[in-house]
Amino acid sequence: MRTYLTQHLSGTGGIIRQELEDFQVDELPLYTPCGEGDHLYISVEKRGLTTHDLLRELAKALGCQERDLGYAGLKDARAVTRQTVSVPLRKPADITGLEIPGVTILSAQLHRNKLRPGHLAGNRFRIRIHSPLPDSLSRAQAVLGILEKSGVPNRFGEQRYGAMGNSHRIGRAILRQDFAAAMAEIVGDPAAIKHEGWQRPTTREIWQPQSANCRGTVDPNGDFSRWPEMASRRVIASLPCHATC
């Protein structure tokens, strides 16, 4: 049973995330580009794309290896988000006229190092609520007043455990070198996936367990590009069990 810090107060009512514009995120940089160096920092606004989608399309457009691109944090797909990506050995002029569906280039400056996960001061969110109750402002202010005094617990939620809620089990299986279990967790049960973007059976077309005692195989000719998320593609492709039982 969930317990909320403000459970004795009434909420604002309303509906969220009906349109992409209802959820907006701005990445706050940890530092600004210095104007010189071997890495081009490209600030973009993306719509309806994951960060991995953005990296893939940028790599194609600029003729780079996707693994060479850097980013500070992952941003939601069902949103309008702004973030910065670093690209090695490119100049601001290289992005002139660059067109990627769902992506708007905001700026480009040189810097000396590659962006790494965690190179951000934080994120600023703007969330639109549709059809709230008439007195929702006073209700929200009452809730915020309590949170300002008590603080908010830094709990891990559903987002950190993946679309199927099993990211921790995948990691445990890999650490134990139980690669068959890791594969089974990554593939998962399509019926258990709530997010429509993940409700695709394509992973099963590439990996199938052969028996209870077999680690399973990955079809080297499988269409990896159709898998729903870059991180899972990389994990499965790198597991020792991908070649044979």
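Everything numeric in this text was worked out from a predicted model, so none of it was measured. (Residues numbered from 1 in each chain as written. Predicted model: local features only at pLDDT ≥ 70, side-chain atom pairs only at ≥ 80, totals over all residues. Heavy atoms only, no water.)

Peer 1: What am I meant to see in the packing of aromatic side chains here?
Peer 2: The description of an aromatic ring pair rests on the distance of the ring centres and on the angle between the ring planes. For the structure on display, the rule yields two aromatic pairs. With 6.4 Å between their ring centres and 45 degrees between their planes, Tyr31 and Tyr41 make a pair best called tilted. Of this pair, Tyr31 sits in the loop between β2 (23-29) and β3 (39-47) while Tyr41 sits in strand β3, and the two are ten residues apart along the sequence. For Tyr31, a relative accessible area of 24% gives the class partly exposed. (Phe/Tyr/Trp six-rings, centres within 6.5 Å; stacked < 30°, edge-to-face > 60°. Helix = DSSP H or I, 4+ residues; strand = E, 2+ residues; numbered from the N terminus. Buried < 20%, exposed > 50% of the residue type's maximum accessible area, 1.4 Å probe, protein only.)

Peer 1: I keep staring at the pairing of β3 and nothing clicks. Help me out?
Peer 2: It is a general feature of regular strands that their side chains alternate between the two faces of the sheet. Within β3, eight of the nine residues are buried, which leaves it mostly tucked inside the rest of the structure. With nine bridges joining them, β3 and strand β5 (residues 80-88) adopt antiparallel strand pairing. Among the inter-strand pairings, Ile42 is bridged to a residue of β5, identified as Val85. For β3 and strand β6 (residues 103-111), the ladder comprises eight bridges, and the chain directions are antiparallel. Opposite Val44, over in β6, you have Ile105 as the bridge partner. (Pairing = 2+ DSSP bridges.)

Peer 1: Looking at this structure, how should I read the pattern of salt bridges?
Peer 2: It is possible for side chains of opposite charge to pair when their charged atoms get near one another. The final tally for this structure, using the stated rule, is 13 salt bridges. Asp53 is the salt-bridge partner of Arg56, the closest N and O atoms lying 2.9 Å from each other. You can see Arg56 and its partner Asp53 sitting in helix α1 (residues 51-62), three residues apart, about one turn around the helix. Classification of Arg56 as partly exposed rests on a relative accessible area of 23%. For Glu185, the salt bridge identified is with Arg169, shortest N-O distance 3.1 Å. Note that Glu185 is positioned in helix α4 (residues 179-187) and Arg169 in helix α3 (residues 167-175), a separation of 16 residues in sequence. Under the relative-accessibility criterion, Glu185 is labelled partly exposed at 22%. It is possible to trace a salt-bridge network through shared partners that takes in Asp53, Arg56, Glu57 and Lys60. (Salt bridge = Lys/Arg side-chain N within 4 Å of Asp/Glu carboxyl O.)

Peer 1: Any chance you could explain the layout of surface pockets here in plain terms?
Peer 2: What the second largest pocket holds in volume is close to 470 Å³. Around the second largest pocket, the lining comprises ten residues; the ones closest to its centre are Tyr4, Leu5, Thr6, Val152 and Arg155. Considering only residue class, the lining of the second largest pocket consists of six nonpolar, two polar and two charged. (1 Å grid on protein atoms, 1.4 Å probe; cavity = no way out; pocket = protein on both sides within 12 Å on 5 of 7 lines; lining within 4 Å. Points joined across faces, edges and corners; volume = space filled by probe spheres on them. Nonpolar A, V, L, I, M, F, W, Y, C, P; charged D, E, K, R; others polar.)

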